[in-house]
Amino acid sequence: MKHLNPQRYSVKNRQLFKIALSSFAVLSSFLFHLKAQGQPLTGGWTLEAPFEQKVFIENKGQFSNPDRQPLKDVQYAINNGELKVYFTPAGFSYHISNVQLNPKYNPEELKEKTEQAFKKNGKAEESLKKYFIDQSAYIHIDWVGANPDATLMVSEQVQDTYSYSVKNEKAENSSVVAKAYKKLTYKNIYPNIDIEYYFPGNKNMLGVEYNVVVHPGGDVSLVKMKYSGMQGISMDEKGNIVVAVPDAVLTDHAPGFSFVGSESNEIKARFILQGQTVSFDVPSYDKSKKLLIDPFTSLWSISPGFATSNNGYTVRLDYSQNIYVMGGLKPNYQVKKFNSAGVLQWTASTPSGSLTGSYGDMVVLRSGKAIVGMGIDNGPQAFILSPANGAVTTKNCPGGVNEFGWRLQYNQAVNNGVMWAGGGSNNGSHLIKTDTNLNAASIYNVWNSTSGSRNTEDIAYLAQDPTGNFVYITNSSNSNNNGVSGSASAPKFCKSAVGTPGTAIWQVNEPTLMMELGQGSFIASGGFMKPATGVNGMIAGNNRIYTYDGNNLRAYDDANGSIVNTATSGGAVDNYSGIDMDSCSRVYVGVNGTVKRYSSTLVFDQAIAVTDDVYDLKLDPQNDKILYATGKGFLQKISLGSYCPACISSTGTNVTGCMYGSATATVNDTNAHPPLSYLWNTTPPQTTQSITGLSAGIYIVTVTDSADCPFRWTDTVVVSGTFVPCDITAVATGAAICKGACVHLNASAIYGKPPYTISWQPGNLTGISPIVCPTVTTTYTVTITDSTGASATDTATVYTHSAVPSAQFTYLPATDITPQTQVSFTNQSAIAPPSTIVSSNWTFTDSVSASSTLDSPVHTYSYGGNFPVLLVVTSSDGCTDSILKIIDVIYPIDFPNIVTNNNDNINDYLEFKNLAFYNNNKLLVYNRWGKKMYENSNYKNEWKPTELSDGTYYYIIDVPERHIRHEGFFQLIR
């Protein structure tokens, strides 16, 4: 099955099948980008569609209740933007997110309502749902009559991993790291029949392809896929399966390529549609040979179409030349880590709500530890990502306030901490200074310190100067993009010292229109049209602060906040973003398909061609000859080639042994022009050319030159250390789980000399993060040994709740349920004492809101069909179990007693109302002497008895699958 965008791809011939398969590897490679304007660029690369995920991801708990749908035993999933596919042994399910703002409501009204809800309760209210129209589609396909012991097998594992935060009330910050694969196979789903799923090699294809492989002895007629959850299903004149969902049509085109034994022996296969069940019709063939059906021309066509975002919104780097990009599509915002060659290392999902979730910001420490802040719907939450595998640790904003994480800044120069800027709290505290573990914090409200007026609008821009001594913020306007501000008189631009950010050095008005809950129009998906506030729009250095709004570039004097230079990039306000500055005080900004460079006085210098619209850019912190840009469907590394003349350089010695305070750092100024002044970020600050007595760390020096360099120059000295065995320390962490569950242990080494050997007991486990599934509470001991033979130990305890609930229920009536019948459900779930079952949650799928928390509810079905009922029970220990049963609601058949065959379109046919819902029926009609007058094995109310004379006739209607047999008479009158 190919799920493609029909506007972008069409199948010409069978040869394309081979080309698609052979080109699949291109998805994990990168392309070199050499285009430029004004100056040749070399040594870079471009990744197209960096957030596309053509993989099958294993379920380690993150897909246990996908999109709140009653799917049981999900084993693998495709999680690609707004299209998701979940695979279970019983079948698979397509989930298409389609939530839009109701056009009758003003987006500004929703923004205000949302922020008010968070200020009051710390979360969005249920009443906000009325602002949205949810037309999401959940289409389930079941394998009819399949092997219940069939195995889902995966192959072709990719090298990167996928991490998720998993809710666990007994273990804070529970996280899973999942593997991913390129191919999934239902092995022996029917006797001697496999079904293989993989991704098309053509990069323009959307979806997943499948092969039906019938080995000798298999019967292809057994393969049946029963659809449910759609508005309707039909077959068109070309044999294509057409499925209707809200606001869209999905088409699965008829098989276009099938063969027996080899490709040269091609045969013609086609779909069969009976009711809601799809199967295959294949001509007679040699069943001693393998049959392969590849519906190559199958298209997943969605009209008018759903967005799948491959956009990157934030790019950051660590000190090992790894690149971190935050982007994707709400509610699946993700962070991806790439190495310096552009090869994906891991993907981390950052949870966000489905309606009002918003985009925040990310900082990356030089070690590779990433901290992600999110806005509305996640409120004061942040996510700390492990450098090794992206494992997610969820943390609340420190200080106990409700601050959205719109903007984050890492200050490695002064206190190795993080500045957290946002809004949302009642007390007006918008700036938080915290450590890199988000454990302790100081809270500041700069706006109130000197102005005497209170302003609680969210912070939109945040920057620090290279010395790390000063912080600059701009607050947003409570306005929309028509330029009308709700807080025009409030101070919107402020400078303060990092050490005392609650005291403003100056406050001025800044003319850039920054919209609260609406900055960044390129970050759009359902909910708000602009679900963000913070974008990368400010940089500080060399006595200047620069702001950029997508078109207007301004330079401010850092002494008083006055505007000294302006320029326009030729872009559009709020449509582009990204700003950075190199050590020559040149400013880079992102626009439409271009990065533009300006001098420190904002004189245009050079245009550098990139792939598409730019949303963020970042110079390599250790080599600003390298620039990284991300934006609309791309991530790009650019070598800037020529460079400005060096005014300063620096050198340093390393710490040796266990002795700290033994290193030196020196700044060299052979090309600079005296008189010079030096300022190092030490405590206390040092002002000489060389400094001594240093421990391992980062040291930043600022040199002021009186001639060639117009402003201050900065350089960074990294002091490393040669660590010996006496410094090694092991750190291990555990968790709490329910019996039968599994969890990752985690260990890390502090100091010591890598590489490390890591072993765990009990179990003879190895590695930094092994998986354990203890049935009783167990304490594990980790031993970490470095390359010199020195070792250290630590322990981690996994607390196991021994009692787990067993979900079970019955219902009456058990059969022959018809619409409007009350069905009584009896909860028979149990758990071993002293634990108890504390909650029962029922989900009835005949309507969106059909649910109950009663122990044994009663439910009435309004119409017929097969409806899953899901019961989830939770114990007093927080352990859960679930059970899913299918309720079969049937429509009663109305039996006729008269036919008036007079062509008045009333009772002209022998019609059994609701018979269309019963497949495989059989009709027999006899006259009064017992002679058979008519027979049909799948009657569809199509018989007009024109050949019969008036009189009384006897009929038998038989539906074996439903155990229905009815005998009756009808009177024929003309």
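Located above this text is the structure these notes cover.
Here the structure is a predicted model, which is why all the values come from computation and not from measurement.

Engineer: Which residues make up the overall build of the protein, and what values go with them?
Structural biologist: The helix and strand tally for the protein stands at three helices and 78 strands. Roughly 40100 Å² of accessible area belongs to the protein as shown, and the carbon and sulfur atoms make up 49% of that amount.

Engineer: Explain the sheet that holds strand 11 (residues 175-178) to me, and be specific about the residues and the numbers.
Structural biologist: A sheet is described by the order of its strands in space; here six strands give the open sequence 11-10-27-26-25-24, paired in mixed fashion. The open sheet has two free edges, formed respectively by strand 11 and strand 24 (312-317), since each of these has just one partner strand. Taking the axes of each pair of neighbouring strands and ignoring which way they run, one obtains an average angle of 20 degrees across the sheet. Both strand 25 (residues 323-329) and strand 26 (residues 332-338) contribute to a ladder of seven bridges, which runs antiparallel. In the strand pairing of strand 26, G327 is matched with Q334.

Engineer: An account of the pairing of strand 42 (residues 552-557) is requested, with residue identities and associated values reported.
Structural biologist: Here strand 42 lies mainly inside the structure; five of its six residues are buried. Two elements, strand 41 (residues 544-548) and strand 42, share five bridges in a ladder whose sense is antiparallel. Each bridged residue has a counterpart across the sheet, and for I545 the counterpart in strand 42 is Y556. A loop of three residues connects strand 41 with strand 42, the two strands running antiparallel in sequence, and G550 in this loop sits at a positive phi of about 105 degrees. In this structure, strand 42 lies alongside strand 43 (residues 563-568), joined through five bridges in antiparallel fashion. Within strand 43, the position partnered with N552 by the bridge is T568. In this antiparallel pair of consecutive strands, strand 42 and strand 43, the connection spans five residues, and G561 shows a positive phi of 85 degrees.

Engineer: Explain the environment of T946 to me, using residue names and the numbers behind them.
Structural biologist: Tracing the backbone through its elements, the reader meets T946 in the loop between strand 76 (932-936) and strand 77 (951-959). Along the sequence, T946 and Y909 sit 37 residues apart, while their C-alpha atoms lie 9.4 Å from each other.

Engineer: Go over the state of the cysteines, please, and point to the residues and values.
Structural biologist: Under the definition given, this model contains two disulfides. One disulfide in the model links C742 with C773; its S-S distance is 1.9 Å. Where C742 bonds to C773 through sulfur, the torsion about that S-S bond is close to 100 degrees, and the disulfide is right-handed. Of this pair, C742 sits in the loop between strand 59 (735-738) and strand 60 (743-744) while C773 sits in the loop between strand 64 (771-772) and strand 65 (778-785), and the two are 31 residues apart along the sequence. Using a relative accessible area of 44% as the deciding quantity, one classes C742 as partly exposed. Overall, C773 belongs to the partly exposed group, its relative accessible area being 43%.

Engineer: Tell me about the pairing of strand 65, residues and numbers included.
Structural biologist: Residues T778, Y780, V782 and I784 point to one face of strand 65 and are all buried, whereas T779, T781, T783 and T785, pointing to the other face, are not buried. Across five bridges, the pairing between strand 62 (residues 757-761) and strand 65 is antiparallel. Its bridge partner lying in strand 65, W760 is registered against V782. In the sheet, strand 65 pairs with strand 66 (residues 791-801) via eight bridges, with the strands oriented antiparallel. Bridged to T785 within strand 66 is S791. Linking two consecutive strands that pair antiparallel, namely strand 65 and strand 66, is a turn of five residues; a positive phi of about 100 degrees is found at G789 within it.

Engineer: Just give me the short version of unusual backbone geometry, but keep the residues and values in it.
Structural biologist: Among all residues save glycine, negative phi is the norm, and among peptide bonds the norm is trans. Put simply, Q761 and P762 share a cis peptide bond, and its omega is 0 degrees. Relative to the assigned elements, P762 resides in the loop between strand 62 and strand 63 (765-766). In this model, P833 is joined to P834 through a cis peptide bond whose omega is 10 degrees. Within the secondary structure, P834 sits in the loop between strand 68 (822-827) and strand 69 (837-844). Even without a glycine there, the phi angle at L438 is positive, about 55 degrees. Topologically, L438 is positioned in the loop between strand 34 (431-435) and strand 35 (441-444). By relative accessible area, L438 is classed as buried at 3%. Residue N941 is not a glycine yet carries a positive backbone phi of 60 degrees. As for its placement among the helices and strands, N941 is situated in the loop between strand 76 and strand 77.

Engineer: Requested: an account of the packing of aromatic side chains, with residues and values cited.
Structural biologist: Scanning the entire structure with this criterion turns up 38 aromatic pairs. Feature note: the residues F56, F87, F92, Y94, W143, Y186, Y197, F199 and Y210 constitute an aromatic cluster, connected by ring pairs. The ring centre of Y285 lies 4.7 Å from the NZ or CZ of K287, which sits over that ring. Lying over the aromatic face of F470, K495 brings its terminal NZ or CZ to 4.3 Å of the ring centre.

Engineer: An account of the pattern of salt bridges is requested, with residue identities and associated values reported.
Structural biologist: Counted by the stated rule, this structure contains 12 salt bridges. Between K183 and E196 there is a salt bridge; the shortest N-O distance is 3.8 Å. One end of the pair, K183, is in strand 12 (residues 180-190); the other, E196, is in strand 13 (residues 193-198), and 13 residues separate them in sequence. The exposure class of E196 is buried, given its relative accessible area of 18%.

Engineer: Kindly report on the sheet that holds strand 71 (residues 858-860), identifying the contributing residues and their values.
Structural biologist: Strand order in the open sheet formed by three strands is 67-68-71, with antiparallel pairing between adjacent strands. Only two strands of the sheet have a single neighbouring strand rather than two, namely strand 67 (809-812) and strand 71. Across the sheet, the axes of successive neighbouring strands diverge by a mean angle of 25 degrees, strand direction being ignored. Direction of pairing for strand 68 relative to strand 71: antiparallel, over a ladder of three bridges. Considered in strand 71, the bridge of V823 is made with H859.

Engineer: Now, about the side chain of N827: what can you tell me, with residues and values included?
Structural biologist: Inspection of the secondary structure puts N827 in strand 68. Sequence-distant contacts of N827, defined by excluding residues within four places in its chain, comprise Q808, F809, S840, W842, D855, S856, L871 and V873.

Engineer: Please provide a residue-by-residue account of the nonpolar core, values included.
Structural biologist: By size, the foremost hydrophobic cluster in this structure holds 50 residues, and its most contacted members are F87, W143, Y186, Y197 and F280. Here the element with the most residues in this core is strand 12; it accounts for five residues. Among all residues touching F87, those that are not within four sequence positions of it are F56, D73, V74, Q75, Y76, A77, I78, F92, L152, L184, Y186 and Y197. Ranked by size, the runner-up nonpolar core spans 30 residues in total, among them V335, A460, Y461 and V535.

The rules behind each value
Residues numbered from 1 in each chain as written. Predicted model: local features only at pLDDT ≥ 70, side-chain atom pairs only at ≥ 80, totals over all residues. Heavy atoms only, no water. Helix = DSSP H or I, 4+ residues; strand = E, 2+ residues; numbered from the N terminus. Areas by Shrake-Rupley, 256 points an atom, 1.4 Å probe, with all protein chains shown as cover. Pairing = 2+ DSSP bridges. Axes fitted to C-alpha atoms, helices over the stretch in contact; angles between N-to-C directions. Buried < 20%, exposed > 50% of the residue type's maximum accessible area, 1.4 Å probe, protein only. Disulfide = S-S within 2.5 Å. Phe/Tyr/Trp six-rings, centres within 6.5 Å; stacked < 30°, edge-to-face > 60°. Lys NZ or Arg CZ within 6 Å of the ring centre and 35° of its normal. Salt bridge = Lys/Arg side-chain N within 4 Å of Asp/Glu carboxyl O. Contact = heavy atoms within 4.5 Å. Core = buried A, V, L, I, M, F, W, Y, C linked by side-chain atoms within 4.5 Å.

Purely geometric numbers; function is a separate question.
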